[in-house]
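Residue-level listing of the chains:
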Amino acid sequence: MLKIAVLVSGGGTNLQAIIDSIEGGKLDNVRIVKVISNKEGAYALERAAKHGIEGICISPKSFGERADYFKALSEELKNAGTELIVLAGFLVVLSSDFVREWRGRIINIHPSLIPSFCGDGYYGLRVHEKALERGVKVTGATVHFVDEGTDTGPIILQKAVNVEDGDTPEILQKRVMEQAEWIILPQAIRMIADGSIKTS
Ligand code: GRF
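Residues numbered from 1 in each chain as written. Predicted model: local features only at pLDDT ≥ 70, side-chain atom pairs only at ≥ 80, totals over all residues. Heavy atoms only, no water.

Peer 1: Teacher, can you tell me more about the environment of Ser-116 here?
Peer 2: Its location among the elements puts Ser-116 in the loop between strand 5 (106-110) and helix 5 (125-134). You can call Ser-116 partly exposed: its relative accessible area is 35%. Between the C-alpha atoms of Ser-116 and Leu-172, which are 56 residues apart in sequence, the distance is 15 Å. (Helix = DSSP H or I, 4+ residues; strand = E, 2+ residues; numbered from the N terminus. Buried < 20%, exposed > 50% of the residue type's maximum accessible area, 1.4 Å probe, protein only.)

Listed below in structure tokens is the structure:
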């Protein structure tokens, strides 16, 4: 059984995709031991509660020093028995010390085909705005291991999604989620749970 913790900041549709995969039997060797949000009232926490999963908010704002926040986060993850951290729309940039401590045991979902439209400042709708601005005909999503850089870690899975005439950033974001993110994130977790890729 792979024990995962899911880190979120907002709506939690990727969290929902993981929950659905577990409940639907596609991730039968995975258990979510904790959902942690950096934002009070994130809807993702409600999703966790609805499915009997423990969820908490740990906000960087409650800590004077950034290092103390990451220490608390790490403690919480360890106490829950976390073996893999899944960043599912988590908007806090991790400290190098945190990444070092959990090296090879953190994955992230990014809503583009890395190395396009990624790196500092590329999150949320902005990723899709930039893809439309550039006029790409294909975009998609990437699941990757997290290293000290922004979106620079080893790639686990990618899935392409077509850009259609008349797309707005919002429409494209929804298509990328439905056709790529919600599919490859559970798949990548499955690969790690099955041992078909190494986590370190
Ligand atoms: C997703 O687009 C994800 O790729 C990005 O943030 C968004 C989170 O959405 N990193 P949700 O909270 O899972 O609905």
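Peer 1: What is the right way to look at the site of the ligand in this model?
Peer 2: In the vicinity of the ligand, the contacting residues are Gly-11, Gly-12, Thr-13, Asn-14, Gly-89, Ile-109, Pro-111, Met-177 and Glu-181. Between the ligand and the protein, one listed contact pairs an oxygen atom with a side-chain N or O atom of Thr-13 at 2.6 Å. Summarising the interface, the protein chains cover 86% of the accessible area of the ligand, which totals 370 Å² for the free molecule. When contributions to the shell around the ligand are tallied by element, the ones reaching two or more residues are helix 1 (13-23) and helix 6 (169-194). In terms of residue class, the shell around the ligand is made up of 3 nonpolar, 5 polar and 1 charged. (Near = heavy atom within 4 Å. Polar contact = N/O pair within 3.5 Å; in protein donor to acceptor, adjacent residues only side chain to side chain. Areas by Shrake-Rupley, 256 points an atom, 1.4 Å probe, with all protein chains shown as cover. Nonpolar A, V, L, I, M, F, W, Y, C, P; charged D, E, K, R; others polar.)

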